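Examination of the molecular architecture
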Amino acid sequence: KLDNYFLLSENLGIGKNGELPWRLKNELKYFANLTKTTQTPAKKNAVLMGRKTWESIPAKFRPLKDRINIVLTSQAELVKVEEGVYVCPDFPSALDLLNTKLREEIEICWVIGGSSVYQEALKSPELSRLYITRIKKDFDCDAFFPELEADWIKQSDSESNSIQQEEDGIKYEYEVYERKTE
Ligand SMILES: NC(=O)c1ccc[n+]([C@@H]2O[C@H](COP(=O)([O-])OP(=O)(O)OC[C@H]3O[C@@H](n4cnc5c(N)ncnc54)[C@H](OP(=O)(O)O)[C@@H]3O)[C@@H](O)[C@H]2O)c1
């Protein structure tokens, strides 16, 4: 199962100069909890990301712990391959890895950015849910969220939905979307 996680500002920005344009500690905890949690204790989740997102994670925090890290890059030598880290040359080969070698050990693969990886994942029929953290403020960004098609429906009964969060004067909300069936 493939789920997408996004954190974006009002002007749909997701990054600036290879970093996040904001610092929201509780949101980082939400992200860690969301992407680590599995229903089956023996299984793990995976996080799938582009090479620049991998490089944006401070070295001491990567690979993201308790999750299998899968990094997309055409230049494999840029990513240090170690226990729990896989490098794939394109999106289909990442899906293939998840559906074959990792099939039994992975519960959910979270697509965690950036722009082009989100774009490819949104086109994939395997993608079932979107978790979006919507920041209620404009930020100067150079990486953006792709256009969301109309077949994504916001879920109003989600437990985390509609509760306004606030940190350092920045307001934001957690949203969950599912693809329209039929
Ligand atoms: N707000 C959020 O939720 C969020 C999430 C993630 C990242 N970010 C921010 O976004 C920025 C980074 O995102 P980005 O969009 O610039 O870059 P990115 O998607 O993380 O990385 C782009 C690179 O990934 C590789 N790649 C992507 N798609 C590929 C594919 N289909 N096949 C093979 N390789 C592929 C390529 O690496 P090579 O050039 O090595 O081939 C490409 O140059 C940073 O500022 C980061 O902090 C924000």
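This one's a predicted model, so the numbers in the text were calculated from it and none came from an experiment.

The rules behind these values
- Residues numbered from 1 in each chain as written.
- Predicted model: local features only at pLDDT ≥ 70, side-chain atom pairs only at ≥ 80, totals over all residues.
- Heavy atoms only, no water.
- Near = heavy atom within 4 Å.
- Polar contact = N/O pair within 3.5 Å; in protein donor to acceptor, adjacent residues only side chain to side chain.
- Areas by Shrake-Rupley, 256 points an atom, 1.4 Å probe, with all protein chains shown as cover.
- Helix = DSSP H or I, 4+ residues; strand = E, 2+ residues; numbered from the N terminus.
- Nonpolar A, V, L, I, M, F, W, Y, C, P; charged D, E, K, R; others polar.
- Core = buried A, V, L, I, M, F, W, Y, C linked by side-chain atoms within 4.5 Å.
- Buried < 20%, exposed > 50% of the residue type's maximum accessible area, 1.4 Å probe, protein only.
- Contact = heavy atoms within 4.5 Å.

**With respect to the site of the ligand**
- The full set close to the ligand counts 30 residues, and Leu 7, Thr 53, Thr 73, Ser 74 and Glu 120 are the nearest of them.
- Within the backbone of Leu 20, a nitrogen or oxygen atom sits 3.5 Å from an oxygen atom of the ligand.
- Backbone polar atom of Lys 52 to an oxygen atom of the ligand: 3.2 Å apart, as the coordinates give it.
- Taken by itself the ligand offers 920 Å² of open surface, and the protein chains cover 85% of this.
- Elements with a minimum of two residues in the shell around the ligand: β1 (2-8), β2 (13-15), α2 (51-56) and α4 (115-123).
- Sorting elements by how many residues they give to the shell around the ligand places α4 first, with five residues.
- Partitioning the shell around the ligand into residue classes produces 12 nonpolar, 12 polar and six charged.

**Description of the nonpolar core**
- Ranked by internal contacts, the top residues of the largest apolar core, which has 29 residues, are Phe 6, Leu 48, Ile 70, Leu 98 and Leu 130.
- Looking at this core, the elements that each hand over two or more residues are β1, β3 (44-50), β4 (67-72), α3 (91-99), β6 (106-111), α4 and β7 (127-135).
- Considering every element that reaches this core, the biggest residue donor is α3, with five residues.
- What Phe 6 contacts, discounting residues up to four positions off in sequence, is Tyr 118, Leu 122, Leu 130, Tyr 131, Ile 132, Thr 133 and Phe 145.
- Counting residues in each nonpolar core, the second largest holds 26 residues, with Phe 31, Val 47, Val 79 and Val 85 among its members.

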